[in-house]
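Structural overview
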Amino acid sequence: MQFKHPEFLYFLFLLVIPILVHLFQLRKFKKELFTNVKFLKELAIQTRKSSKIKKYLLLATRLLLLTALIFAFAQPFFKAKDTKNATNEMYIILDNSFSMQAKGKKGELLKRAVQDLLEHTPENINFSLLTNSDNYYNTNIKSIQQDLQNIQYSATPFQIDNLLAKINARKSAFNKDIIVITDALGLKENQVKSFKKEDNVFFYLPEAEQENNVSVDSVFINQTLDNFYEIGVKVDAFGDKNRDVSVALYNKNKLVAKTLANFETNTTTLKFMIPKENFHGYVSVSDNGLDYDNTYYFSLSKPEKSNVISIGDEEKSKFLSRIYTSDEFNYINYTLNTLDYNSIDKQDAIVLNELNDIPQALQTTLKSFVEKGGNVVFIPSPESNTSNVNSFLAAFGSIQFRSLVNAEKMVTKINFSHPLYSSVFEKKVDNFQYPNTKTSFDVSSNASIILGNNDQSAFLSAFQNGVASVYVFSAPINKTNSNFQNSPLIVPTFYNMAQNAQKSGIKSFVIGKNQSTVVETLLSKDEIVSVKNSQNNAKGNFIPVQQILNNKVKLTFNDNPNTAGNYGVFNTTTLIDNLSFNYDRTESNLSNPNTNAADEFEEISDLETIFDTIQTDRTDSQIWKWFVLLTLLFLVIEILIQKLVK
């Protein structure tokens, strides 16, 4: 037992006072004998004995009363079990990502966790609360009650290392208690290494009751017909696959088509035919799993002819005229001497076909062209000046052309996942008529390889800047050097390289991926474009980062918007273009919570227990109140002795 104010114990010397008073009252009586007291003598002895007992009882009571009173003022207590962590700061990390929409025993995991916090967090505890989207520092449960009740799901996946970085950035002389509330979906072992050894970490891992979920993964143009687009809708199923799911296609909230998806495997692709008109809608599925991934928004513009020019020898460029036909393209070939530089900005794609040298003026113009969303295809010449080529390509990425190698190579590898071929092949093919090249350049690059040679070198690679691509061949593809022009790959490769996503592709962006797009509009210096929600929800409107590029504007979205949906790009009140935004689908699979990542930390079964344990173990047991009660008790006892004991 310890005392908060031990100096009051000096008052125990006051116990001498009742003892002295008691000794003073025990004075001796002088005996006087007189007659006729035979019967009174016995009564006097009995009374004297009772009086003596009463005095001793009163003395003991008063001593105990005074002692209890002094102890009460000294405030005795028993030291807490965990005193070294009594000054710890408390942090609560709450996962509000979309996977927390899953339903547990008492409802949605996030809503249940919020309710537990509201019910069981002591009002006298100060803490800091961090979620994927919001932070509340040095607060208490009463102050953020309304915010917790209105908490929304975040489009940002749960990244505990990012939240820990925020906690560790707040310098403090005290250790921390960190309570992590998450379903552990996407939790990785390397992320929890940011916890400090001196901090106390507790994991509360609510579990979903069922793992079944259906997600609309993506929408793409599967085939382009004369008057129709055939779009493919990729739908993923997690958990039980043996069920039919209704899939509906809407254009501007009007039902266009509906079908059933049956899953023999984890993924199925549905096909829909839509007219070649402006489309601004979504695909929707109905299931009992997560809600956030049931709708996929996308926009598709009425196709316009793509403008393509090739720069090079006319004879070597004839194969391009057979690909870029007049029904879909405006195609012209120029030589360097006849090139009209003013026409470059009007193009969607430019093919540099076996130029021996690229003039500096053209290099500068093409760099600006790519920044504005135009694609460039570079095909080297056997006589290309490698230093000139490297100077040109260095503006788009890290690449080095070295010497020309006179060795035959076979094009044997296809990157089926690259956007260039995403809608070309129904399945992966292992053997086909391999194109070959007789001579090619030795190239070192960090660009993504689209077509690869049998010696693991790149035949076709690409650099992307978010709005445009630069495609680089490592070998001339004229008929003298290669049979690539006779390969089935030639048409889809060059056709897709010339397509401008802003004109003919599906415009759908992932929230939080910091993507960009280019829209065509003329703005004055003081004008800006804004992005507005098609549902007339003012909260969804925002002004993107924008860069004026002559008759175009490059828009960068950063983390905007916060809500998935269909949006329009406006210059004041004039609609310029339609865009769509979707949530990242990384949390659709509920079957893989990585609870093992939290094994080295204490796991708790409920929040009430941890709050009670922390308070009990770190709070001193104050017993001075008991001494106050004892003081009152001895006071009552003294009064009773005075009245009842004769």
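Refer to the structure presented above.
Sequence order as written defines the numbering, with residues in each chain counted from 1. The predicted nature of this model means local features are confined to residues of pLDDT at least 70 and side-chain atom pairs, given and counted, to a pLDDT of 80 or more, with totals for whole chains, interfaces and linings taken over all residues. Computation of side-chain values: all heavy atoms of the structure, hydrogens and water removed.

**A few points about the overall build of the protein**
- Tallying secondary structure elements over the protein gives 12 helices and 36 strands in all.
- Any residue under 20% of the maximum accessible area for its type is buried, any over 50% is exposed, and the rest in between are partly exposed; the area is computed with a 1.4 Å probe on protein chains only. Scored against the burial criterion, the 646 residues of the protein give a buried share of 46%.
- Residue contacts are defined here by distance: any two heavy atoms, one from each residue, within 4.5 Å place the two residues in contact. Pairs at least 24 residues apart make up 71% of the contacts formed inside the protein by residues separated by at least 6 positions.
- Methods summary: accessible areas were calculated by the Shrake-Rupley approach with a probe of 1.4 Å, and residue burial reflects only the protein chains presented. Accessible area of the protein: about 34,500 Å², with a carbon and sulfur share of 51%. Comment: elements are numbered from the N terminus, with helices defined as DSSP H or I runs of at least four residues and strands as E runs of at least two.

**Quick word on the sheet that holds strand β16 (residues 295–300)**
- Between any two strands, at least two bridges found by DSSP are needed for them to pair. What the 8 strands build is an open sheet, ordered β13-β12-β15-β16-β28-β34-β33-β30; its pairing is mixed. Whereas interior strands pair on both sides, the edge strands pair on one side only; in this sheet they are β13 (254–262) and β30 (530–533). The average undirected angle you get between the axes of adjacent strands in this sheet is 30°.
- Note: strand β15 (residues 279–285) against β16, 6 bridges, orientation antiparallel. Here, axes are lines fitted to C-alpha atoms. For helices the fit covers the stretch in contact, and angles between N-to-C directions go from 0 to 180 degrees.

**Notes on unusual backbone geometry**
- Looking along the chain, the bond that leaves Asn560 and enters Pro561 is cis, with omega of -5°.
- By the secondary structure assignment, Pro561 is in the loop between β32 (552–556) and β33 (565–571).
- For Lys252, which is not glycine, the phi torsion reads 50° and is therefore positive.
- As for its position among the elements, Lys252 is in the loop between β12 (244–251) and β13.
- Of note, Asn253 is a non-glycine position whose phi angle comes to about 70°, a positive value.
- Summarising the element assignment, Asn253 is placed in the loop between β12 and β13.

**Quick notes on the nonpolar core**
- Working definition of a nonpolar core: buried Ala, Val, Leu, Ile, Met, Phe, Trp, Tyr and Cys residues. They are joined through side-chain atoms within 4.5 Å. One finds Ile92, Leu94, Ile179, Ile181 and Phe611 to be the most contacted residues of the largest nonpolar core, which totals 49 residues.
- Considering every element that reaches this core, the biggest residue donor is helix α3 (residues 109–120), with 5 residues.
- Discounting residues that sit within four places of it in the chain, Ile179 has contacts with Met90, Tyr91, Ile92, Ile93, Phe202, Leu607, Ile610 and Phe611.

**Details of the pattern of salt bridges**
- Salt bridges are identified by distance alone: a Lys or Arg side-chain nitrogen within 4 Å of an Asp or Glu carboxyl oxygen. Here the structure, examined in full by the defined rule, presents 10 salt bridges.
- The salt bridge partner of Lys372 is Asp345, with a shortest N-O separation of 3.0 Å. In this pair, Lys372 sits in the loop between α7 (360–371) and β20 (375–379) while Asp345 sits in the loop between β18 (329–334) and β19 (349–353), placing the two residues 27 residues apart along the sequence.
- For Asp577, the salt bridge is made with Lys507, and the minimal N-O distance between the two is 2.8 Å. Taken together, the residues span a long stretch of sequence, with Asp577 in strand β34 (residues 574–582) and Lys507 in strand β28 (residues 506–510) at a distance of 70 residues. Neither Asp577 nor Lys507 differs from the other in exposure class; each is buried.
- Residues joined by salt bridges that share partners form a network here, namely Arg112, Asp116 and Glu119.

**Looking at α7**
- Each helix should span, by expectation, one fewer than its residue count multiplied by 1.5 Å. A rise of 1.5 Å per residue sets the reference length of α7, with its 12 residues, at 16 Å; its end C-alpha atoms lie 17 Å apart and thus fit the reference within 8%.
- Burial in α7 covers these residues: Leu362, Gln363, Leu366, Phe369 and Val370. Along the long axis of α7, the arc covered by the buried residues comes to 125°, so they all point the same way.
- On its buried face, α7 is in contact with β17 (306–312), β19, β20, α8 (386–393) and β27 (469–473).
- Backbone geometry just after α7 places Gly373 at a positive phi near 105°. This arc corresponds to the set of directions leading from the helix axis out to the C-beta atoms.

**Focus on the packing of aromatic side chains**
- Note on aromatic contacts: the rings of Phe and Tyr and the six-membered ring of Trp form a pair at centre separations within 6.5 Å, being stacked when their planes are under 30 degrees apart, edge-to-face when over 60 apart, and tilted otherwise. Applying the stated criterion across every chain, the model contains 29 aromatic pairs.
- Seen in terms of ring centroids, Phe392 and Phe396 are 5.4 Å apart; in terms of plane orientation they differ by 80°. Their pairing is edge-to-face.
- Phe392 sits in the buried class, given a relative accessible area of 1%.
- When the ring of Phe473 is compared with that of Phe494, the centres are 5.7 Å apart and the planes differ by 10°; the resulting orientation is stacked.

**A short note on the pairing of β19**
- The element β19 is extensively covered by neighbouring structure, given that 5 of its 5 residues are classed as buried.
- Along β19, one buried face is formed by Ala349, Val351 and Asn353 and the opposite face, lined by Ile350 and Leu352, is buried too.
- Bridge count between β17 and β19: 5 bridges; the pairing is parallel. What sits directly across from Ser310, in β19, is Val351.

**Quick notes on the side chain of Ser469**
- Here Ser469 lies in strand β27.
- When neighbours within four sequence positions are excluded, Ser469 is seen to be in contact with Gly374, Asn375, Val376, Phe463 and Gln464.

**Structural notes on the environment of Asp199**
- Mapping Asp199 onto the fold places it in the loop between β8 (176–181) and β9 (200–204).
- Judged by its relative accessible area of 8%, Asp199 is buried.
- Linking Asp199 and Phe174, residues 25 residues apart in sequence, is a C-alpha distance of 9.4 Å.
- In this structure Asp199 touches Asn175, Lys176 and Ile178, once residues within four positions along its chain are discounted.
- Among the polar contacts made by the side chain of Asp199, one reaches the main-chain amide nitrogen of Lys176 at a distance of 3.1 Å. Between N or O atoms, a polar contact is any pair within 3.5 Å; within protein, one atom must be a potential hydrogen donor and the other a potential acceptor, and residues adjacent in sequence are included only when both atoms are from side chains.

**Thoughts on the sheet that holds strand β25 (residues 448–453)**
- Here we have 9 strands laid out as an open sheet, ordered β18-β17-β19-β20-β27-β26-β25-β22-β23, and mixed in their pairing. Two strands bound the open sheet, and with one partner strand each, they are β18 and β23 (436–437).
- Here 5 bridges tie β19 to β20, and the two strands are oriented parallel to one another. In the sheet register, Asn353 faces β20, and the bridge partner there is Ile379.
- Here helix α9 (residues 490–498) sits on the sheet in contact with β17, β18, β19, β20, β26 (458–464) and β27, set at roughly 140° to β20.

**Some points on helix α5 (residues 160–169)**
- Of the positions making up α5, those classed as buried are Ile160, Leu163, Leu164, Ile167 and Asn168. Down the axis of α5, the buried set is contained in an arc of 140°. They therefore lie on one face.
- In this structure, the buried residues of α5 make contact with β3 (89–94), β6 (127–131), β8 and β9.

**A look at the side chain of Asn307**
- Position of Asn307 relative to the elements: it lies in strand β17.
- Residue Asn307 is classed as buried on the basis of its relative accessible area, which comes to 17%.
- A polar contact is formed between the side chain of Asn307 and the side chain of Asn330, at a distance of 2.8 Å.

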